[in-house]
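Chain residues, written in single-letter form:
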Amino acid sequence: MKSKLILLPVIYLLIISASSCSNHGQLKDSDVIAETNRNFVASDWPDRIMQCVSENPQSEISLTWRTSKAISEGYAEYTKNITSVKSDDKVQVKQAKIVPVSFENHQDHYFQVRLDGLEPSSSYMVRVGNDQYRSEWFSVLTAPSSFEPFSFLYFGDVQNDIKEYAPRIFRHASANYPDARFILHSGDLVLSSGNDDTWGEWFYAGNWLLQQIPSMVAAGNSDHFRWQNEPVDKRLLFPQWHGSFLMPANGPKGFENLVYHFDYPGIRIISLYSNFESTTDNDREIYIRPETMLTENMFHKQILWLEEILESNTQPWLAVLMHHPVFTARQERDNELMQEYFLPLFEKYKVDIVFQGHDHVYARGINPEMNNSTPVYVISIAGGKMRKVDKSHQWIYQSIENTQLYQTIHITENMLEFKAIDLGGSTRDKFQIILENNKKSLKGF
Ligand SMILES: [Fe+2]
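Residues numbered from 1 in each chain as written. Predicted model: local features only at pLDDT ≥ 70, side-chain atom pairs only at ≥ 80, totals over all residues.

Before going further, it helps to spend a moment on the overall build of the chain. The secondary structure content of the chain amounts to nine helices and 26 strands. Per-residue burial for the chain yields a buried fraction of 45% across its 445 residues. Relative to all contacts within the chain whose residues are 6 or more apart in sequence, the contacts with residues 24 or more apart total 69%. (Helix = DSSP H or I, 4+ residues; strand = E, 2+ residues; numbered from the N terminus. Buried ≥ 20, exposed ≤ 12 C-beta atoms within 10 Å, placed from the backbone. Contact = placed C-beta atoms within 7 Å.)

Listed below in structure tokens is the structure:
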């Protein structure tokens, strides 16, 4: 795999132009998304209401929602007056942008709006929709202007039988950690062989938790649906991804909503796109958008951006969110590309923790070649599809099988504390990274 990445620029151009001729411009409506099993049909009322992390969380709140195509206007109303019912005189309004998502026989409208100019450490009441069809009022919270201890949540893949298994893990986490400031989802939110119902189930499971606490997402392989009438590995990111997500627009061009970073006072978290393992073979292709095919060229673009963002970090804590693990916990799997290109940068710039998914197990450890030091690599699983851990992997310190988990991360000025919690409320794994005299050390390993 290493040698395949060392390609001459001429070859990149040939690959890109060949793909342009053979595939681009041929995306028919019927290829966009199947119409079957529509159990979560859009209506004129806003649904799938989502809060995404913002580049400036002290002053911005990013919101999205869905309606039927019949609704051609949408806006968010917001006010700092959170206690009074009659607060119309203080309500501000901001128009939303429409992102259409096309199916075989119909189209849905997704709305996106970024509220700005807000005050730090402040609660706002918000509702979305239009004059006739609008949501309930719900509360959102901006970040503090400087560091204060806080917690956030991290979920692994939910992906399979979402309606059956995911609600209970989201509910348990939100009931026990209601003060979590944001949520990380490490990809495979939905199922690639599914259709719009898989998104309906994800929003059913997350429900108002997704409205009230901002989420940060990384895309997994299952967040790409299989292109009809094409080999199974030609995959296109679900268009609902770009409808539902309005992530910080600070990543490299072509990776919108996929590669970006989020700074919350005290921590920088970088979302990476790891769905590259199959793109080195010309007959296996992954598309972010119909016009964007992933190539080694795109991979290198992400690496260059990553180094810049790691180098410019000024937050005391530094983390990465991505789907494919640098070190696998499974048998007969490996992610050499991650080890060769991501790992050296993570170590050079002292990333503290890498949040990952994909393997459908829980595993936590460090690079066996490192002497008891960060980054800590964690793989977790929130959903109902379970697999076996290959315990012969040297990097693994702790592993758990066949258990739905969520994680809470608590940050103070001199400590990052990580806990993996099961549905019975038991802490199944725990460790700390301690910051003392400008040096970080691991506790609980
Ligand atoms: Fe996956």
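Time to look at the packing of helix α4 (residues 162-176) against helix α5 (residues 196-206). Following both chains from N to C, one finds α4 and α5 inclined at 25°, their axes separated by 8 Å at the closest point. Relative to α5, the element α4 lies roughly parallel. In the crossing of α4 with α5, the sense of the turn from one axis to the other is right-handed. On α5, the residues touching I162, K163, A166, P167 and F170 of α4 are T198, E201, W202, Y204, A205 and G206. Taken together, the residues that form the contact of α4 with α5 break down as seven nonpolar, two polar and two charged. (Axes fitted to C-alpha atoms, helices over the stretch in contact; angles between N-to-C directions. Parallel < 35°, antiparallel > 145°, perpendicular 65-115°, else oblique. Left-handed = near helix turned anticlockwise from the far one by under 90°. Nonpolar A, V, L, I, M, F, W, Y, C, P; charged D, E, K, R; others polar.)

L153, A319, V320, L321 and V354 are the most contacted members of the largest nonpolar core, which totals 119 residues. For this core, the two domains that each supply at least three residues are domain 1 (47-141) and domain 2 (150-443). Discounting residues that sit within four places of it in the chain, V354 has contacts with V320, V326, F346, P375, Y377 and V378. (Core = buried A, V, L, I, M, F, W, Y, C linked by C-beta atoms within 7 Å. Domains from an automatic or database assignment.)

This part takes up the sheet that holds strand β17 (residues 292-293). Taken in spatial order, the four strands of this open sheet run β12-β13-β16-β17, and their pairing is mixed. This sheet does not close on itself; its edge strands, each paired only once, are β12 (224-226) and β17. (Pairing = 2+ DSSP bridges.)

On to the environment of F111. Locating F111 in the fold gives a position in strand β6 (residues 107-115). The exposure class of F111 is buried, given the 27 C-beta atoms found within 10 Å. Remark: the alpha-carbon pair of F111 and V99, spanning 12 residues in sequence, is separated by 6.1 Å. Residues in contact with F111, not counting those within four places in the same chain, are T64, W65, G74, A96, I98 and V128.

Here we come to the pairing of strand β16 (residues 286-289). Bridge count between strand β13 (residues 235-237) and β16: two bridges; the pairing is parallel. Each bridged residue has a counterpart across the sheet, and for R235 the counterpart in β16 is I286. With two bridges joining them, β16 and β17 adopt antiparallel strand pairing. Looking at the pairing, Y287 lines up with M293 of β17. Connecting the antiparallel pair β16 and β17 is a turn made up of two residues.

On to the sheet that holds strand β4 (residues 92-95). Judged by pairing direction, the sheet is antiparallel, and its four strands sit side by side in the order β4-β3-β7-β8 without closing on themselves. With one partner strand each, in any of the chains shown, β4 and β8 (138-141) form the two edges of the open sheet. Within this sheet the neighbouring strands show an average axis-to-axis angle of 35°, counted without direction. With four bridges connecting them, strand β7 (residues 123-129) and β8 associate as antiparallel partners. Its bridge partner being in β8, V126 is matched across the sheet by F138.

Our focus in this paragraph is helix α8 (residues 296-311). Along its 16 residues, α8 runs 23 Å from first to last C-alpha, staying within 8% of the 22 Å computed at 1.5 Å per residue. Along α8, the positions that sit buried rather than exposed are M298, Q302, W305, L306 and I309. The buried residues of α8 all sit within an arc of 110° when viewed along its axis, so they share a single face. Every exposed residue of α8 that faces more than 90 degrees away from the buried side is listed here: L304, E308 and E311. (Expected span 1.5 Å × (residues − 1). Arc of directions from axis to C-beta.)

Let's shift gears to the pairing of strand β3 (residues 75-79). Going residue by residue along β3, you find A76 and Y78 tucked away on one face and Y75, E77 and T79 left uncovered on the opposite face. Sheet topology places β3 next to β4; four bridges connect them, and they run antiparallel. Residue pairing across strands places Y78 opposite Q92, the latter belonging to β4. Note that β3 and β7 share five bridges and pair antiparallel. Residue pairing across strands places Y75 opposite G129, the latter belonging to β7.

Following T374, the chain continues to P375 via a peptide bond in cis, the omega torsion being 5°. Topologically, P375 is positioned in the loop between β20 (362-366) and β21 (376-379). Residues other than glycine seldom take positive phi values, yet N207 does so here, at roughly 45°. Summarising the element assignment, N207 is placed in the loop between α5 and α6 (209-212). On the basis of neighbour counts, which here come to 14 C-beta atoms within 10 Å, the residue N207 falls in the partly exposed class.

Relative to the helices and strands, Y264 is located in strand β14 (residues 260-264). What makes Y264 buried here is the crowd of 23 C-beta atoms within 10 Å. With residues near it in sequence (within four places) discarded, Y264 still touches P57, A143, R181 and F182.

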